[in-house]
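Results of the structural survey
Each chain, letter by letter, is given below.
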Amino acid sequence: MSKMWPASQYSHTNNPHSNQNVAKTNEHQNQQNLKTLGMTSAISMAGPKPIDIEKTSELKESLAPYGVFESEIEMHHRMEILGQLHRLVRQWIRDESLRKNMPPSVADTVGGNIYTFGSYRLGVHHRGADIDALCVAPRHIDRTDYFQSFYDLLKLQPQVKDLRAVEDAFVPVIKMNFDGIEIDLLFARLALKEIPDSFDLRDDMLLKNLDQKCVRSLNGCRVTDEILRLVPNIDNFRLTLRAIKLWAKRHGIYSNTLGYLGGVSWAMLVARTCQLYPNALPATLVHKFFLVFSQWKWPQPVLLKQPDSVNLGFPVWDPRVNLADRFHLMPIITPAYPQQNSTFNVSASTRTVIMEEFRLGLAITDEIMLSKCGWERLFEAPNFFSRYRHFIVLLASSASSDDQLQWCGLIESKIRHLINTLERNQHITIAHVNPECYSSVPLHTNGGQPLALPPGAAQPPPAENTAETNNDNGEVVPNHCSMWFIGLVFEKTNVNVDLTYDISSFTKVVHFQAEHNSMLREGMTIEARHVRRKELHQYLSPSLLRRERTTSGTKRRLADPQHQPNHTQPPTHKKTKRLSESSTDDVSIISYNEDSNSSNMYEVNLQNGTSTNHEERNKPAEKTEHSPSTSNTQTNSIVCT
């Protein structure tokens, strides 16, 4: 059981003198081991210096306030939850075996296991993080049983809340909150009579005769275990990965769904850095991480080892054979068979944003290693809303909290398709989506208008009557709303940008998928609005805007000599201009508004604030002026309800 649910507290155990001695006496052995630590030899075998030990200690201290380390009590709570889930799986498999006329003596021995993967298995999960887990069953238990009888068993458990099954997903999953911990539970059926407790999933032959969904489900565990096997020092890897994950989340580039990098991708980049600097401590590894990947020649792939020459018929990432693989922008290849690109969702815009953050991260860590600033500088969240002058705001609304949970999940999974469509527009240079999903106050408390609160802020108390309400036409009125913000950079000034097709294609895809999954409910709406920076106060609460301004102000103070440690004045540097700062206000957007009363096309001119019927745009004399309340909907909105 300890193998499946390891204690993952980081403890710094490196002794600099012993490391130096090992580096000298075992140099030949280290050189031989390098062959198993990646595709190339190490860049440096140098051991830590006293400054590296000092900087690593400072790094660990700077991470503590962000809740990246879990207490012993919280760790044991997770292990207890996994133990309960393991017993439930065993009980369910036994009951299903008996239901299928298996003798009780045999049903007691068929087994079944829960395996963890992802951040928990790697030992880098933060306080309150979810757990990725896999249910492995013998061959007489199939996926239909899992999503029916096991799902029903979970519904009966008092500690299980927010239970939902996503059976049609690329990797089918049951999501739940188990006694306060979010768990994503996958399923795989092996072609074996029984699953013993100490069963190892690394054997490639286990995949023989399995279906694609089982192979994908097994891939998470197999990749995680292989990453841990391929790093030279697991403790150094873990602390480095904690720092990089925190930095990526704070800088808004941690989301596989939205086209950035997910947890396994960041883990593989850190693992590759550890392979290139096998004797370095975490502070040095963080610095080298930015050095290596700010200069990486994408789309050259990142590989932790030579791909396995297994041939079981499953598709693997290979641009020599698969034409589509040649168009992947930032390939990071998983080390377990069948090898896959974990960054398939990365787009041109998200790659540009990620590379810019790599470059800025290198500049900051250069100063940290020279003691010109502290590690907290690396973890400062940038001001997203000050980067751009134009935004598209996606609003997802529904009538109930349960509907909103499913609706937001579907829309978020499709946003990357909208980004790809916007990138193909000849006038748009960057479409930068903020991965933060902002929850609005209940619409009925703000006159039906959305207003986002800071993440984690207390929501207003619910109304006495929380039942669905209907308007005069008998239509269900949405009350829950969530928002995503997409910053836009335009190539030229004084142009008309037609987003009609881009937005309509996106909303049609979302509605089609919702209908296909039978999840579309009355009151579910998706709306896209064009918003200028000066209009953000209509969507973001004052406290959220103040937080953004405070972050920006903090950066300015850190740049001020009198706020530097010991008042040491750093050398002046030329301010690096972000690509996003080249945006302009002189842009007109053509959009459309489709509601229950009409399907007219509107031209939206952001310079004069007027709206024109698309069919009559050549008749200026017949243009209609709108009141402020009307223009807010028609002039600055791209709506599909």
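Residues numbered from 1 in each chain as written. Predicted model: local features only at pLDDT ≥ 70, side-chain atom pairs only at ≥ 80, totals over all residues. Heavy atoms only, no water.

Turning to the overall build of the protein, a few remarks are in order. Tallying secondary structure elements over the protein gives 17 helices and 17 strands in all. The burial tally for the protein puts 51% of its 641 residues in the buried class. A fraction of 74% describes how many contacts in the protein between residues 6 or more apart in sequence connect residues 24 or more apart. On the protein, roughly 30,100 Å² of surface is accessible, and the fraction owed to carbon and sulfur atoms is 50%. (Helix = DSSP H or I, 4+ residues; strand = E, 2+ residues; numbered from the N terminus. Buried < 20%, exposed > 50% of the residue type's maximum accessible area, 1.4 Å probe, protein only. Contact = heavy atoms within 4.5 Å. Areas by Shrake-Rupley, 256 points an atom, 1.4 Å probe, with all protein chains shown as cover.)

Per the counting criterion, the structure on display carries 27 aromatic pairs. Seen from their ring centres, tyrosine 146 and phenylalanine 147 are 5.0 Å apart, and the 85° between their planes marks the pair as edge-to-face. Exposure remark for tyrosine 146: the relative accessible area of 0% places this residue in the buried category. Between phenylalanine 385 and tyrosine 438 the ring centres are 6.0 Å apart and the planes differ by 50°, which places this aromatic pair in the tilted class. One end of the pair, phenylalanine 385, is in helix 13 (residues 384-387); the other, tyrosine 438, is in strand 8 (residues 438-439), and 53 residues separate them in sequence. In terms of burial, phenylalanine 385 and tyrosine 438 fall into one category: buried. Aromatic rings pair up to connect Trp247, Trp266, Phe289, Phe290, Phe293, Trp296, Trp298 and Phe358 into one cluster. Note that arginine 216 overlies the ring of phenylalanine 170, its terminal NZ or CZ placed 3.7 Å from the centroid. A cation over an aromatic ring shows up here: lysine 249 above the ring of tyrosine 254, its NZ or CZ 4.8 Å from the ring centre. (Phe/Tyr/Trp six-rings, centres within 6.5 Å; stacked < 30°, edge-to-face > 60°. Lys NZ or Arg CZ within 6 Å of the ring centre and 35° of its normal.)

Okay, the pairing of strand 4 (residues 173-178) next. In terms of burial, strand 4 is largely enclosed, as five of its six residues are buried. Direction of pairing for strand 3 (residues 160-166) relative to strand 4: antiparallel, over a ladder of five bridges. If you follow lysine 161 over to strand 4, its bridge partner there is asparagine 177. In this sheet, strand 5 (residues 181-189) lies alongside strand 4 in antiparallel orientation, the contact comprising five bridges. The partner of asparagine 177 across the bridge, within strand 5, is glutamate 182. Connecting strand 4 to the next strand, strand 5, in antiparallel fashion are two residues, including aspartate 179 with a positive phi near 55°. (Pairing = 2+ DSSP bridges.)

Attention shifts here to unusual backbone geometry. The omega torsion of the bond from tryptophan 298 to proline 299 falls at 10°, within 30 degrees of zero and hence cis. Relative to the assigned elements, proline 299 resides in the loop between helix 11 (282-294) and helix 12 (348-369). Positive phi outside glycine occurs at serine 518, with the angle close to 55°. Inspection of the secondary structure assignment puts serine 518 in the loop between helix 15 (500-516) and strand 13 (525-532).

What follows deals with the pattern of salt bridges. Per the stated rule, a full pass over the model turns up 21 salt bridges. Between aspartate 108 and arginine 94 there is a salt bridge, with its nearest N and O atoms 2.4 Å apart. Taken together, the residues aspartate 108 in the loop between helix 5 (104-107) and strand 1 (113-117) and arginine 94 in helix 4 (residues 72-99) connect sequence positions 14 residues apart. For arginine 94, a relative accessible area of 32% puts it in the partly exposed group. Across the pair lysine 155 and aspartate 152 runs a salt bridge whose closest N-O atoms are separated by 3.7 Å. (Salt bridge = Lys/Arg side-chain N within 4 Å of Asp/Glu carboxyl O.)

As a packed pair, helix 8 (residues 212-230) and helix 10 (residues 263-276) sit with axes 10 Å apart at the nearest point and diverge in direction by 15°. Taken together, the axis directions place helix 8 and helix 10 in an arrangement best described as roughly parallel. Like other packed secondary-structure pairs, helix 8 and helix 10 cross with a definite hand, here left-handed. Counted together, Val223, Ile227 and Leu230 of helix 8 and Val264, Ala267, Met268, Ala271 and Gln275 of helix 10 form the full contact between these two elements. Grouping the amino acids of the contact of helix 8 with helix 10 by side-chain chemistry returns seven nonpolar, one polar and no charged. (Axes fitted to C-alpha atoms, helices over the stretch in contact; angles between N-to-C directions. Parallel < 35°, antiparallel > 145°, perpendicular 65-115°, else oblique. Left-handed = near helix turned anticlockwise from the far one by under 90°. Nonpolar A, V, L, I, M, F, W, Y, C, P; charged D, E, K, R; others polar.)

It is worth stressing that arrangement in space is one thing and function is another; only the former is reported here.
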